[in-house]
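Residues per chain are reported as follows:
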Amino acid sequence: MSAETTWLCSRQSLPLLLLLSLAVSSCLGASLSPTGSGAVSEPADVLEGDWIKFDCPYDQGLDKSKLHELGASVQDCQQPLELLQDPGLFTRALVAAVLGKVSALSDSMNSGVLKGRQPPALQVNSQHPLVRDGLVEVDEARSSVGLIRLRVRAVTNRTGGLCAVCGQTVSSFGYSMVKKTALRIRKPPVASLSFVSLRSPAAALHSETRDAAGARRLELQSGALPGWLHCDGVAEQLTAVRLFKDDKLLNETPDSRLQQSLGPDFSEQLIGSYRCEAVSSQPFLMEKGKNIGFDSLYLLG
């Protein structure tokens with residue numbers, strides 16, 4: 001059995017134990033034996049929208065057959081190592097590489113994707129949705145140190161519950177996971193500031209526009225008051241929601257909503273710049289200086 005068969009046997013989504021039991025029939029006699037679980041590192045905190053680097057190192061001690069093949073991927077954390085796909089031109093891995101010349105076996109033992117190419121031979125699966133959508137990039141692959149480096153951009157609706165994994169062939173019939181890191185996405189706090197009139201119909205009594213700089217301006221018509229300013233905050237480990245007027249604190253609460261009454265009649269004292277803040281005590285967000293979210297508007301009448 002060649003390494004080409006090993007790399008291309010279908011291992012898409014079956015549980016690992018089932019794959020082990022079906023290895024002989026599904027892979028034409030190849031033994032699907034993950035010989036190591038790899039080093040499961042601490043979850044990596046990353047700010048939503050930022051990049052995190054993930055290094056996939058080559059472990060010479062695992063490479064008993066000297067295949068020098070390495071693969072890195074981003075996948076569901078609950079699934080076994082998914083470096084492979086059913087027979088075709090591409091591995092499921094985002095990246096696959098031959099990092100050095102095969103010493104113990106012929107060139108035909110290399111995976112089909114990389115067969116015949118001079119090392120370091122690097123193949124990126126550009127059809128993988130994470131690569132296609134620009135959420136994962138390949139920084140480098142260096143044969144001298146045996147390394148593939150991925151850059152993963154943390155987008156909550158695409159990378160929630162995903163892990164970066166690194167694996168390599170350990171023989172012509174098996175692979176091993178070298179490293180696995182969960183991507184723990186941290187979202188900055190979000191604040192929103194809105195006006196609610198207690199009059200009916202309220203829609204005709206106030207209007208919101210934006211000035212040339214994009215700042216919100218809320219104009220109240222006669223009869224719009226009394227009403228409320230609603231200051232809402234959403235955050236991991238929410239500490240406080242605060243409302244300011246002209247940079248002076250009006251009120252704050254440990255809850256997710258603060259209500260400030262306006263009225264019953266309009267006065268010039270109400271005119272000014274209002275800012276709603278949501279404050280988080282999450283350590284990583286504080287370290288990054290991203291633990292406060294805000295929304296603002298200028299009130300006039």
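The residue count restarts for each chain, going from 1 along the sequence in the order it is written. Totals for whole chains, interfaces and linings use every residue, but because this is a predicted model, local features are given only for residues with pLDDT of at least 70 and side-chain atom pairs only at 80 or more, for both listing and counting. Water and hydrogen atoms play no part in the side-chain values, which are based on all heavy atoms of the structure.

- As annotated in an unreviewed UniProt entry, the protein chain is Ig-like domain-containing protein from Macrostomum lignano.

Here we look at the overall build of the protein chain
Here comes step 1: Note on conventions: DSSP H or I runs of at least 4 residues are helices, E runs of at least 2 residues are strands, and numbering of each starts at the N terminus. When helices and strands are counted, the protein chain shows 5 helices and 19 strands.
Here comes step 2: Relative accessibility decides the category of a residue: with a 1.4 Å probe and only protein chains considered, values under 20% of the type maximum give buried, values over 50% give exposed, and everything between is partly exposed. Burial statistics for the protein chain: of 301 residues in total, 43% are counted as buried.
Here comes step 3: Taking contacts inside the protein chain between residues at least 6 apart in sequence as the whole, the part at least 24 apart equals 68%.
Here comes step 4: With the model as given, the accessible surface of the protein chain reaches about 14,800 Å², and the carbon-plus-sulfur share is 51%. Any two residues whose heavy atoms approach within 4.5 Å are treated as being in contact. Note that accessible areas follow from Shrake-Rupley with a 1.4 Å probe, and for residues the cover is restricted to the protein chains shown.

Some remarks on the state of the cysteines
Here comes step 1: The rule for a disulfide is simple: a pair of cysteine sulfur atoms within 2.5 Å. Within this structure, the stated rule accounts for 3 disulfides.
Here comes step 2: Here Cys56 connects covalently by a disulfide to Cys166, the sulfurs 2.0 Å from one another. Looking along the S-S bond of the Cys56-Cys166 disulfide, the torsion reads about 75°, which is the right-handed sense. Taken as a pair, Cys56 in strand 3 (residues 51-57) and Cys166 in strand 9 (residues 162-171) lie far apart in primary sequence, 110 residues in all.
Here comes step 3: A disulfide bridge connects Cys231 with Cys276, and the sulfur atoms are separated by 2.0 Å. Handedness here is read from the sign of the S-S torsion; for Cys231 and Cys276, about 85°, the answer is right-handed.

Side note on the sheet that holds strand 14 (residues 227-234)
Paired through their backbone hydrogen bonds, the strands of a sheet run either parallel or antiparallel.
Here comes step 1: Strand pairing follows a simple DSSP-based rule, namely that at least 2 bridges must link the two strands. With antiparallel pairing, 3 strands are arranged side by side in an open sheet as 11-14-17. Strands with a single pairing partner mark the edges of an open sheet, and in this sheet they are strand 11 (190-197) and strand 17 (257-262). Taking each pair of neighbouring strands and ignoring which way they run, the sheet shows an average axis angle of 15°.
Here comes step 2: As judged from the 8 bridges shared by strand 11 and strand 14, these two strands associate in the antiparallel manner. Only C-alpha atoms enter the line fits that serve as axes; for helices the fit covers just the stretch in contact. Angles between N-to-C directions range over 0 to 180 degrees.

Some details on the packing of aromatic side chains
Here comes step 1: Working definition: a ring pair exists when centres of Phe, Tyr or Trp rings (six-membered ring for Trp) sit within 6.5 Å. Plane angles under 30 degrees give stacked, over 60 give edge-to-face, the rest tilted. According to the stated counting rule, one finds 0 aromatic pairs in the structure shown.
Here comes step 2: Over the ring of Trp51 we find Arg151; its NZ or CZ atom is 4.3 Å from the centre of that ring. Criterion for a charge above a ring: Lys NZ or Arg CZ within 6 Å of the ring centre, and within 35 degrees of the ring normal.

Details of the pairing of strand 18 (residues 272-280)
Here comes step 1: Burial of strand 18 is extensive: 7 of the 9 residues sit out of reach of the surface.
Here comes step 2: Where strand 15 (residues 238-245) meets strand 18, 7 bridges bridge the pair, whose relative direction is antiparallel. What sits directly across from Leu243, in strand 18, is Cys276.
Here comes step 3: Pairing geometry for strand 18 and strand 19 (residues 292-300), over 8 bridges, is antiparallel.

A short note on the side chain of Gln282
Here comes step 1: Here Gln282 lies in the loop between strand 18 and helix 5 (283-287).
Here comes step 2: We define a polar contact as two N or O atoms separated by no more than 3.5 Å, with the added condition that, inside protein, one atom must be a possible hydrogen donor and the other a possible acceptor, whereas residues neighbouring each other in sequence contribute only through side-chain atom pairs. Engagement of the side chain of Gln282 in a polar contact is seen with the backbone nitrogen of Phe284, the distance being 2.9 Å.
Here comes step 3: Among residues more than four places away in sequence, those in contact with Gln282 are Arg186, Glu236 and Gln237.

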